[in-house]
Amino acid sequence: MRQQVEEYIVELQDNIVSALEKLDPNAPAFKRDSWIRAQGGRGLSCVFALPPPDSSTPAQSQNSALEKGGVNISVVHGNLPPAAIKQMRADHTSVPYDPDSQNSLPFFAAGLSLVIHPRNPHAPTAHANYRYFEITEAEKEGKAGKVVAWWFGGGCDLTPSYLYEEDGVHFHKTLKDACDPHGKTLYPSFKKWCDEYFYILHRSEARGIGGIFFDDFSNEPHKHLPDDQPRPRTPDEIFAFIKAAGNAFVPSYLPILERRINTPYSDHERRWQLIRRGRYVEFNLIYDRGTKFGLQTPEARIESILMSLPETARWEYMSDLGSDEASEEGKLLKVLRTPREWV
């Protein structure tokens, strides 16, 4: 499974980056940045960002479809400390844990994570990640330890500044079509989980219009899935679902991006986009488990962890934008405060 996951995320990264570069062939290519983890493992960060404007490249000339984006993969291994083992034990009873022991356990983790921030306020931001985690027993007499716990996680969600009905329907329908062959309960369960997870509690609003979100997906009973309904249970079955979900990213998002990147927009609409990006930053730095876990990890690669943040954002004191429910900004806020069913 380790090899299969690694091969898949390398292929998926290449497919997604190639599709984005093809969308805007006049823009610079994504920067490929390979790295090695001293404690074990490697990664490849593919990042899009234009150079800062100067006298030779004024800001108005920077009209690329994307303002910032990243499609990163990592394949790492090492040892989990007792505190991390205890935390994971809460969701995985198969993880061995002795409260009196200070022994660590070997782990393996591989995944792809991406965030795309378009320049046009009418084109939505997209986020996705797909990952595999495995824990083994400690080696004994030179023999590799057997796998004692494993699980998959991931998801995909959309964060627009302006609401387009057809975009929301297309995005959710594509994800549902990818989920349904693997179990009819997956999309509604993971859609609901996404609405609950990407929620900015202190603003009483969702980060975007959702998608799917799942974690701790293994052969063990799962609190977000009915145990009496058909669903993937073996590693191969769940991995097949992961591939279907991952392969759905390009067809779910690229048609929306193509429709919106050339839409005319005003300074007012750009201002609202930057305010919404501020909300995006608030969620990622305050609530997102992946960001917090990464920042707390010793020798973490900070640039890769914070790649998800937009290049520019805005915070206004007591902003009035969105207060008029009949405005385009108000229509978005209504959906963010009361998540809806799209399909």
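The preceding data block contains the structure.
Read on for an overview of the structure. These figures come from a predicted structure and were not determined experimentally.

**Thoughts on the overall build of the protein**
And step 1. Per the secondary structure count, the protein includes 10 helices and nine strands.
And step 2. Counting the 343 residues in the protein, one finds 53% classified as buried.
And step 3. Taking all contacts inside the protein whose residues are at least 6 apart in sequence as the whole, residues at least 24 apart take part in 73%.
And step 4. Summing over all exposed atoms, the protein offers an accessible surface of approximately 16800 Å²; the carbon and sulfur share of this is 52%.

**Things to note about the packing of aromatic side chains**
Note on aromatic pairs: each is described by the distance of the centres and the angle between the planes.
And step 1. Using the criterion set out here, one finds 23 aromatic pairs in the structure.
And step 2. Residues phenylalanine 190 and tryptophan 193 carry aromatic rings whose centres are separated by 6.4 Å and whose planes lie at 50° to one another, so their mutual orientation is tilted. Here the residue phenylalanine 190 and the residue tryptophan 193 both occupy positions in helix H4 (residues 186-197), the gap between them amounting to three residues, near one helical turn. Comparing phenylalanine 190 with tryptophan 193 shows no difference in burial state: the two are buried.
And step 3. An aromatic cluster of at least three residues, connected via ring pairs, comprises Phe190, Trp193, Tyr197, Phe198, Phe213, Phe214, Phe217, Phe241, Phe283 and Tyr287.
And step 4. Directly above the ring of tyrosine 164 sits arginine 260, whose terminal nitrogen or CZ lies 3.7 Å from the centroid.

**A word on the state of the cysteines**
Covalent bonding between the sulfur atoms of two cysteines defines a disulfide.
And step 1. Per the stated rule, a full pass over the model turns up zero disulfides.
And step 2. Among the cysteines around cysteine 156, which has no disulfide bond, cysteine 194 carries the closest sulfur, lying 8.5 Å off.
And step 3. With a relative accessible area of 1%, cysteine 156 lands in the buried category.

**Considering the side chain of aspartate 24**
And step 1. Checked against the element boundaries, aspartate 24 lands in the loop between helix H1 (2-23) and strand S1 (31-36).
And step 2. Despite its burial, aspartate 24 remains without a salt bridge, the nearest opposite charge being carried by arginine 119 at 7.5 Å.
And step 3. There is a polar contact of 2.7 Å between the side chain of aspartate 24 and the backbone nitrogen of alanine 65.
And step 4. Discounting residues that sit within four places of it in the chain, aspartate 24 has contacts with Ser64 and Ala65.

**Thoughts on the environment of isoleucine 302**
And step 1. Along the polypeptide, isoleucine 302 turns up in helix H9 (residues 302-305).
And step 2. On the basis of relative accessible area, isoleucine 302 is assigned to the partly exposed category, the value being 39%.
And step 3. C-alpha separation for the pair isoleucine 302 and threonine 291, spaced 11 residues apart in sequence, amounts to 9.7 Å.

**Regarding the pattern of salt bridges**
And step 1. Per the stated rule, a full pass over the model turns up 27 salt bridges.
And step 2. Two residues, aspartate 215 and arginine 131, come together in a salt bridge whose shortest N-O distance is 3.4 Å. Placement of the pair is aspartate 215 in strand S9 (residues 210-217) and arginine 131 in strand S5 (residues 125-136), with a sequence separation of 84 residues.
And step 3. Residue aspartate 215 is classed as buried on the basis of its relative accessible area of 10%.

**Remarks on the packing of helix H7 (residues 267-286) against helix H10 (residues 328-337)**
And step 1. Running from amino to carboxyl end, H7 crosses H10 at an angle of 20°, the nearest separation of the two axes being 12 Å. Considered as vectors, H7 and H10 are oriented roughly parallel to each other. For the pair H7 and H10, the crossing hand works out as right-handed. Residues His268, Trp272 and Arg276 of H7 lie in contact with H10, whose contacting residues are Glu329, Leu332, Leu333 and Leu336.
And step 2. Residue composition of the contact of H7 with H10, by class: four nonpolar, one polar and two charged.

**Considering the packing of helix H3 (residues 165-179) against H4**
And step 1. Put simply, H3 and H4 touch, their axes get as near as 9 Å, and they point 130° apart. As the angle between them shows, H3 and H4 are arranged oblique. Contact with H3, carried on its side by His172, Leu175, Lys176 and Cys179, involves Leu186, Tyr187 and Lys191 of H4 and no other residues of that element.
And step 2. Of the residues that constitute the contact of H3 with H4, the class distribution is four nonpolar, one polar and two charged.

**Structural notes on unusual backbone geometry**
And step 1. Even without a glycine there, the phi angle at aspartate 216 is positive, about 55°.
And step 2. With respect to the helices, strands and loops of the structure, aspartate 216 is situated in strand S9.
And step 3. A residue is classified by how much of its surface remains accessible, and aspartate 216, at 16% relative accessible area, is buried.
And step 4. The backbone phi angle of methionine 318 is positive, close to 55°, even though this residue is not glycine.
And step 5. Secondary-structure assignment places methionine 318 in the loop between H9 and H10.
And step 6. Under the relative-accessibility criterion, methionine 318 is labelled exposed at 68%.

**Considering the environment of serine 161**
And step 1. Here serine 161 is to be found in the loop between strand S6 (147-159) and H3.
And step 2. Look at serine 161 and you get buried, because its relative accessible area is 7%.
And step 3. Spatially, the C-alpha atoms of serine 161 and arginine 276 are 6.3 Å apart, while their sequence positions differ by 115 residues.
And step 4. Among residues more than four places away in sequence, those in contact with serine 161 are Pro121, Trp272, Gln273, Arg276 and Leu332.

**A look at H4**
And step 1. Between its first and last C-alpha atoms H4 spans 16 Å; for 12 residues at 1.5 Å apiece the expected length is 16 Å, and the two agree.
And step 2. Those residues of H4 lying buried are Leu186, Tyr187, Ser189, Phe190, Lys191, Trp193, Cys194, Asp195 and Tyr197.

Conventions and cut-offs
- Residues numbered from 1 in each chain as written.
- Predicted model: local features only at pLDDT ≥ 70, side-chain atom pairs only at ≥ 80, totals over all residues.
- Heavy atoms only, no water.
- Helix = DSSP H or I, 4+ residues; strand = E, 2+ residues; numbered from the N terminus.
- Buried < 20%, exposed > 50% of the residue type's maximum accessible area, 1.4 Å probe, protein only.
- Contact = heavy atoms within 4.5 Å.
- Areas by Shrake-Rupley, 256 points an atom, 1.4 Å probe, with all protein chains shown as cover.
- Phe/Tyr/Trp six-rings, centres within 6.5 Å; stacked < 30°, edge-to-face > 60°.
- Lys NZ or Arg CZ within 6 Å of the ring centre and 35° of its normal.
- Disulfide = S-S within 2.5 Å.
- Lys, Arg positive; Asp, Glu negative; His and termini not counted.
- Salt bridge = Lys/Arg side-chain N within 4 Å of Asp/Glu carboxyl O.
- Polar contact = N/O pair within 3.5 Å; in protein donor to acceptor, adjacent residues only side chain to side chain.
- Axes fitted to C-alpha atoms, helices over the stretch in contact; angles between N-to-C directions.
- Parallel < 35°, antiparallel > 145°, perpendicular 65-115°, else oblique.
- Left-handed = near helix turned anticlockwise from the far one by under 90°.
- Nonpolar A, V, L, I, M, F, W, Y, C, P; charged D, E, K, R; others polar.
- Expected span 1.5 Å × (residues − 1).

This is a description of form; function is not addressed.
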